[in-house]
Amino acid sequence: MIKIGLTGSIGMGKSTSAKLFAEAGIPVNDSDAVVHDLYSGEAVQLVEASFPGTTSGGKVDRQELSRKLAGDPSGFKRLEAIVHPLVRDRERQFLERQSEAGAGMVVLDIPLLFETGADKRVDKIVVVSCDPQIQRERVLARPGMTEEKFNMILSRQTPDAEKRARADYVIDTGGSIEAAGEQVREIIADLRRKQQSKT
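Criteria and thresholds
Residues numbered from 1 in each chain as written. Predicted model: local features only at pLDDT ≥ 70, side-chain atom pairs only at ≥ 80, totals over all residues. Heavy atoms only, no water. Helix = DSSP H or I, 4+ residues; strand = E, 2+ residues; numbered from the N terminus. Rg over C-alpha atoms; globule rule 2.2 N^0.38 Å. Buried < 20%, exposed > 50% of the residue type's maximum accessible area, 1.4 Å probe, protein only. UniProt positions renumbered as here; feature names shortened; annotations may be inferred. Contact = heavy atoms within 4.5 Å. Core = buried A, V, L, I, M, F, W, Y, C linked by side-chain atoms within 4.5 Å. Phe/Tyr/Trp six-rings, centres within 6.5 Å; stacked < 30°, edge-to-face > 60°. Lys NZ or Arg CZ within 6 Å of the ring centre and 35° of its normal. Pairing = 2+ DSSP bridges. Axes fitted to C-alpha atoms, helices over the stretch in contact; angles between N-to-C directions.

Student: Looking at this structure, I do not really get the overall build of the protein chain. What am I missing?
Tutor: Along its length, the protein chain carries 9 helices and 7 strands. Its C-alpha atoms give the protein chain a radius of gyration of 18 Å, within 12% of the compact-globule value 16 Å for 199 residues. Seen through its C-alpha atoms, the protein chain measures out along the principal axes to roughly 55 × 40 × 25 Å. Taken over 199 residues, the protein chain has a buried fraction of 42%.

Student: Help me out: how do you make sense of the environment of Lys 19 in this one?
Tutor: Relative to the helices and strands, Lys 19 resides in helix α1 (residues 14–23). As a C-alpha pair, Lys 19 and Asp 30 span 11 residues in sequence and 9.8 Å in three-dimensional space.

Student: So what exactly am I meant to see when it comes to the environment of Gly 144 here?
Tutor: Among the secondary structure elements, Gly 144 is positioned in the loop between α6 (132–140) and α7 (147–155). Counting along the chain gives 81 residues from Gly 144 to Gln 63, while the straight-line C-alpha distance between them is 9.3 Å.

Student: Would you mind showing me how to read the UniProt feature "binding site: ATP" (unreviewed entry) in the protein chain here?
Tutor: The residues that UniProt annotates with the feature "binding site: ATP" (unreviewed entry) are Gly 11, Met 12, Gly 13, Lys 14, Ser 15 and Thr 16. Looking at where Gly 11 falls in the secondary structure, it is placed in the loop between β1 (2–7) and α1. A residue is classified by how much of its surface remains accessible, and Gly 11, at 8% relative accessible area, is buried. Setting aside residues no more than four positions away along its own chain, Gly 11 makes contact with Cys 130, Gln 135, Arg 138, Val 139 and Arg 142. Counting through the fold element by element, Gly 13 comes out in the loop between β1 and α1. Filtering out sequence-adjacent residues up to four positions away, Gly 13 remains in contact with Val 128, Arg 138 and Thr 173.

Student: When you look at the nonpolar core in this model, what are you seeing that I'm missing?
Tutor: If you look at soluble globular proteins, the nonpolar side chains tend to sit buried side by side. Formed by 20 residues in total, the largest nonpolar core has its most connected members in Ile 4, Phe 21 and Ile 171. The set of elements that each furnish at least two residues to this core consists of β1, α1, β5 (105–109), β6 (124–129), β7 (169–172) and α9 (177–198). Per-element tally for this core: the top contributor is α9, with 5 residues. Filtering out sequence-adjacent residues up to four positions away, Ile 171 remains in contact with Ser 17, Phe 21, Val 126, Val 127, Val 128, Ser 129, Ala 180, Gln 183, Val 184 and Ile 187. By size, the runner-up hydrophobic cluster in this structure holds 17 residues, among which are Tyr 39, Val 47, Leu 65 and Leu 86.

Student: Whenever I open this one, the environment of Leu 69 confuses me. Can you help?
Tutor: Here Leu 69 shows up in helix α4 (residues 62–71). Setting aside chain neighbours within four positions, we find Leu 69 in contact with Phe 51, Gly 75, Phe 76 and Leu 79.

Student: I would appreciate a short explanation of the packing of aromatic side chains in the present structure.
Tutor: In this description, an aromatic ring pair is defined by two values, namely the gap between the centres and the angle between the planes. What the rule picks out here adds up to 0 aromatic pairs. Seen from the ring of Phe 76, Arg 156 lies directly overhead, with NZ or CZ sitting 3.7 Å from the centre.

Student: Would you take a moment to explain the sheet that holds β1 for this structure?
Tutor: A sheet is described by the order of its strands in space; here 5 strands give the open sequence β2-β5-β1-β6-β7, paired in parallel fashion. Every interior strand has two partners, whereas the edge strands, β2 (28–30) and β7, have only one. Direction aside, the axes of adjacent strands within the sheet are offset by 20° on average. Two elements, β2 and β5, share 3 bridges in a ladder whose sense is parallel. Each residue of the ladder has a partner; that of Asn 29, found in β5, is Leu 108. Contacting β1, β5, β6 and β7, α9 crosses the sheet at an angle of about 165° to β7.

So, in structure tokens, the structure goes:
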């Protein structure tokens, strides 16, 4: 089973690319969705204990949490120590299920693939990228996003040029969604060819 690590900086179109893989029949484990789930489940009490006042109604208040982190960036390490092991656990369960189901390849959608060393756990790396100006416009159009917040997020992410240099494949999302879909299908076809040539 080929494990594809899918990553890309904020606003590059990673979520859209993950959907395109899923539409092409490749199982996807979405780390962001897992975190979302944990923030209304098993991570709630742990986050509240470490960041008092950031949960309400049995869920983590993401806006309140990001406000606290903006005021004290050292908190990121504490948060990662809580969340990353739980995310890894879910990822392992996903891989076991897919392996039992006989999947030929899977996608692990991991925003901080290089930053957390997750690149060592995958067989192939796909980086989603586009022109920095397009990225900027997309991100600043998001509700509640500011220049300051955007720059803080970027400062915690491996630069796009470095990601591209370390990738096995790059999907350019600067054009139409159809063009991105075509690139995704080409990557899948290429990996299948390589898989068959080994057997």
